[in-house]
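So you can see what is in the structure, the chains are spelled out below.
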Amino acid sequence: MNQGDSEDQDPSFGDSSPGDSSPGDSSFGDSSFGDSSTGDPSFGDSSFGDSSFGDSSTGDSGVTQSPTDPSLPVPPSPARSLGAIAGIVAAATLLSKVFGLVRQQAIAAAFGTGVAFDAFNYAYVVPGFLLILLGGINGPFHSAIVSVLSKQNQKDAAPLVETITTVVGLLLLGLTALIILFANPLISLVAPGLGTTAAGAVTHAIAVQQLQIMAPMALLAGFIGIGFGTLSAADHYWLPSISPLFSSVTVLLGLGGLWMALGQDLLSPEYAAVGGMVLAGSTLVGAVLQWLVQLPPQMKAGYGGFRFRLDWNRPGVREVFKIMAPATFSSGTLQINVYTDLFFASYIPQAAAALGYAGLLAMTPLGILSNVILVPLMPVFSRLAAPENWGDLKQRIRQGLLLSASAMLPTGALIMALNRPIVRLVYERGAFHSESSEIVASLLLAYGLGLFVYLGRDVIVRVFYALGDGTTPFYVSLFNILLNGVLDYVCVKHFGAPGLVFATVGVNLFTLCWLTGILHRRLGGLPLLEWGWAIAGLSGSSAVGAGLAAVLWTGISGSLASDSLGAQILALTVAGAGGLAAFTALALRLRIPEVQLFLSQITRKLKR
């Protein structure tokens, strides 16, 4: 279930990442609990901004520079460079991801693909949507706050933020009440298939209770988004990126307390409702902590605190909402695909839970590798947007696409070849049994098929943004709502739950081709045939590497007398390493410059 762009995603459940107008589709979304982080700047080092990629030291980093007027609400130190910000965000996000993986493993052991977590996936649609839409870094609230605060005097900053917080708080408080009152019909709208079976009715009832518990996250989403904006304006990046960790910790503590109280009974179906309540309650507490930790540094930076203030005529207030309203609408269209996928998933037992587990495994490498590629490319695209620079821009587009192919084609192929042992190693314990592994592995295979297409689509979308055209991707995203629904219907009918992901791959492939075709005409021609042959060669190399990995895993796992955790790790490590080695050897023979660049940058990072 895709929530937007790959750079934004944290693979657990409910990443409140940006959600811009990129024509993404819902099956590749993030599913992290209340993660309102950037999404995924993991390893987003600026080392790619060297001479081979475009020098990121020119100052065009996309970061607001410190003004010379000391009255402006910007720290006295110079604004950090793109590399410094990427390094901070990378370290913080990676730490959050580690905790997110542990959290997801704990959920899998406690609930498997059973009713409690299945219900949670439906209950989380509304609060998760609001966290992504309102509470995400680079989301509408964050972008509007940063844009307006950068133009405000210090003395006006605190009253402005407090007024915006009050207005948004009052609106979202009313929305919270409506969610609580109409939780039952909302779940029926999201998951109509639950009403067709007795087991589905139980899932529906638990999901309603979970949604009512998590309803205050609608209010918290607004506060978190405003807090992220003020901290970014104050040049604070660590806290917004690390704050999702609190959600993971609270869920782990909640599950730990539940285990201490129930012991092995936690795995019994009769305690599913209790487990579901604890899961929802601990998620809510995590969101509360994400907001509360922002207040002290926000007040210290001079941006006010949690104070009731209504001053609609204050300069900047209307400007914030003028920016926020259209951006919120644009971002919100993407989340319709989340509903579409869950609409079809509700007719398939355990599908919603399985999508969450498989999504984490697929999004982790995608998030890490995508940020290494996208972070330094965005300012480079922007610097080359003028027509006289289009020749260089075409080279950078090629670089972005072939770097994406070099990273994601072998990764996706290995995921497809080793999907079953990966799922077993990460999840199969406690309530997560072999049947759960089968359905999650089938979805993971489908995810692996589309990793390159997803990242390639993001590269092309960023080119449109650099050219000052957000309208074209937005219109494509609107069309994709219809396309996603049609493909969901067709693919689910033929492939079951994996069809939801196959539909996403189809939507993203269509988007990549459509937008690339528009760029081909707009930029006076792109060497598409040359690029296509290079991508085809990398695809073939990836297929050979994946085939070798599958053979190695079969041979090693069959020769080992034990099926212990250590044996699984050994077999998977050797198989994966062998597959990557084969891909690397073949890809280097293709003499594609981007392959050399990607491998040199990965080697440089490993040596640090």
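Residues numbered from 1 in each chain as written. Predicted model: local features only at pLDDT ≥ 70, side-chain atom pairs only at ≥ 80, totals over all residues. Heavy atoms only, no water.

A closer look at the overall build of the protein
Put simply, the test is: Only DSSP runs of H or I with at least four residues qualify as helices, and only runs of E with at least two residues qualify as strands; both kinds are numbered from the N terminus onward. Whether a residue is buried, partly exposed or exposed follows from its accessible area with a 1.4 Å probe, protein chains only, as a fraction of its type maximum: under 20%, in between, or over 50%, in that order. Here a residue-residue contact requires only that any non-hydrogen atoms of the pair lie within 4.5 Å. Per-residue accessibility takes into account occlusion by the displayed protein chains alone, with areas from the Shrake-Rupley method and a 1.4 Å probe.
Each helix and strand in the protein was counted, giving 23 helices and zero strands. By residue count, 60% of the 608 residues in the protein fall in the buried class. Look at the contacts in the protein between residues 6 or more apart in sequence, and 82% of them connect residues 24 or more apart. For the protein, the exposed surface amounts to about 22,000 Å²; the carbon and sulfur share of it is 68%.

Some remarks on empty space enclosed by the protein
Our working rule: Within this scheme a cavity is a closed region of a 1 Å grid, computed over the protein atoms alone, that accommodates a 1.4 Å probe without allowing it to escape, whereas a pocket is open but has protein on both sides within 12 Å along at least five of seven lines; lining residues each have an atom within 4 Å of a point. Grid points are joined across faces, edges and corners, and a volume is the space filled by probe spheres set on the points.
Throughout the structure, instances matching the rule amount to four cavities of 30 Å³ or more. When its volume is computed, the second largest cavity comes out at roughly 50 Å³. Considering the residues around the second largest cavity, the lining is formed by 10 residues, among which Thr 165, Phe 223, Trp 291, Leu 295 and Gln 298 are closest to the centre. When residues of the lining of the second largest cavity are traced back to their parent elements, those giving at least two are α8 (217–233) and α12 (295–300). Per element, the largest residue contribution to the lining of the second largest cavity is three residues, and it comes from α8.

Brief notes about the packing of aromatic side chains
Put simply, the test is: Geometry of aromatic contacts follows a simple scheme: Phe, Tyr and Trp rings, the Trp one being its six-membered ring, pair when their centres are within 6.5 Å, and the pair is stacked under 30 degrees between planes, edge-to-face over 60, tilted otherwise.
Taken as a whole, this structure holds 15 aromatic pairs when the rule is applied. Relative to Phe 432, the ring of Tyr 357 lies with its centre 5.4 Å away and its plane at 85 degrees, an arrangement referred to as edge-to-face. You can see Tyr 357 sitting in helix α14 (residues 351–383) and its partner Phe 432 sitting in the loop between α16 (419–427) and α17 (434–449), a full 75 residues away along the chain. Three or more aromatic residues link up through ring pairs in this structure, and these residues are Phe 117, Phe 120, Tyr 124, Tyr 357, Tyr 427 and Phe 432.

A few points about the nonpolar core
What counts here: Definition of nonpolar core: a set of buried residues of the types Ala, Val, Leu, Ile, Met, Phe, Trp, Tyr and Cys, connected through side-chain atoms within 4.5 Å.
One finds Phe 111, Tyr 357, Ile 397 and Tyr 427 to be the most contacted residues of the largest nonpolar core, which totals 139 residues. Broken down by element, the residue count for this core peaks at 18 residues, all from α14.

A closer look at the pattern of salt bridges
To be explicit about the condition: Salt bridges are defined by distance alone: a side-chain nitrogen of Lys or Arg within 4 Å of a carboxyl oxygen of Asp or Glu.
This model, assessed by the stated rule, comprises eight salt bridges. For the salt bridge of Asp 458 with Arg 462, the shortest nitrogen-to-oxygen distance reads 3.9 Å. Here Asp 458 pairs with Arg 462, and both are found in helix α18 (residues 451–466), just four residues apart, close to one helical turn. Summarising the burial analysis for this pair, Asp 458 and Arg 462 share the class buried. What emerges from the salt-bridge pattern is a single network uniting Arg 420, Arg 424, Glu 428 and Glu 438.

Section: the side chain of Thr 516
Tracing the chain through its elements places Thr 516 in helix α20 (residues 498–522). For Thr 516, the residues in contact, after removing those within four places along its chain, are Ile 460, Leu 526 and Leu 528.

Details of the side chain of Ser 542
Tracing the sequence through the fold places Ser 542 in helix α21 (residues 528–559). Accessibility expressed as a relative area gives 4% for Ser 542, which makes it buried.

So, α16
Counting buried positions along α16 yields seven of nine residues, so the element is predominantly enclosed. Those residues of α16 that sit buried are Asn 419, Pro 421, Ile 422, Val 423, Leu 425, Val 426 and Tyr 427.

Overview of the packing of α17 against α20
Test applied: In this description, a line fitted to the C-alpha atoms serves as the axis of each element, helices being fitted only across the stretch in contact, and the angle between N-to-C directions of two axes falls anywhere from 0 to 180 degrees. Roughly parallel here means an angle under 35 degrees, roughly antiparallel means over 145, roughly perpendicular means 65 to 115, and every remaining angle is called oblique. Residues are grouped as follows: nonpolar covers Ala, Val, Leu, Ile, Met, Phe, Trp, Tyr, Cys and Pro; charged covers Asp, Glu, Lys and Arg; every other residue, Gly included, is treated as polar.
For the pair α17 and α20, the least separation of the axes is 8 Å and the interaxial angle reads 5 degrees. When the axes of α17 and α20 are compared, the pair comes out roughly parallel. The segment α17 lies against α20, with Ser 442, Leu 443, Ala 446, Tyr 447 and Leu 449 engaging Pro 498, Val 501, Phe 502 and Val 505. Split into classes, the residues belonging to the contact of α17 with α20 amount to eight nonpolar, one polar and no charged.

So, the environment of Asn 184
Position of Asn 184 relative to the elements: it lies in helix α6 (residues 183–190). Placed 27 residues apart in sequence, Asn 184 and Leu 211 show a C-alpha to C-alpha distance of 8.8 Å. Apart from residues lying up to four places away in sequence, Asn 184 is in contact with His 204 and Val 208.

Some details on helix α10 (residues 244–262)
What counts, and what does not: Expected helix span is computed as 1.5 Å times (number of residues minus one).
The end-to-end C-alpha separation of α10 is 28 Å, in line with the 27 Å expected for 19 residues at 1.5 Å each. Burial in α10 covers these residues: Pro 244, Leu 245, Ser 247, Ser 248, Thr 250, Val 251, Gly 254, Leu 255, Leu 258 and Leu 262. Positive backbone phi, at 65 degrees, marks Gly 263, one or two positions downstream of α10.

Let's talk about the environment of Phe 306
Relative to the helices and strands, Phe 306 resides in the loop between α12 and α13 (317–345). With near-sequence residues (within four places) excluded, Phe 306 lies in contact with Thr 165, Phe 223, Trp 291 and Leu 295.

Some details on the confidence of the model for the protein
Stated precisely, the cut-off is as follows: pLDDT: the predictor's confidence for each residue, scored from 0 to 100.
For the protein, the average pLDDT comes to 78, and 72% of its residues sit at 70 or higher. Mean pLDDT in the protein bottoms out at helix α4 (residues 140–149), which sits at 64, and peaks at α20, which reaches 94. Below pLDDT 50 for its whole length, residues 1–79 participates in 357 contacts with residues either more than four positions away or in separate chains.

Points about a nonpolar patch on the surface
Spelled out, the test is: Patches here are clusters of residues that have more than 30% relative accessible area and form no salt bridge, with a 9 Å joining cutoff for like charges and a 5 Å cutoff for nonpolar side chains (Val, Leu, Ile, Met, Phe, Trp, Tyr).
Together, Phe 479, Leu 482, Val 486, Tyr 489, Val 490, Phe 510 and Trp 514 line one region of the surface with nonpolar side chains, adding up to about 650 Å² of accessible area. Of all the elements in the fold, those that place two or more residues in the nonpolar patch are α19 (471–495) and α20. Top contributing element to the nonpolar patch by residue count: α19, with five residues. Within the secondary structure layout, Leu 482 lies in helix α19. Since its relative accessible area comes to 57%, Leu 482 is described here as exposed.

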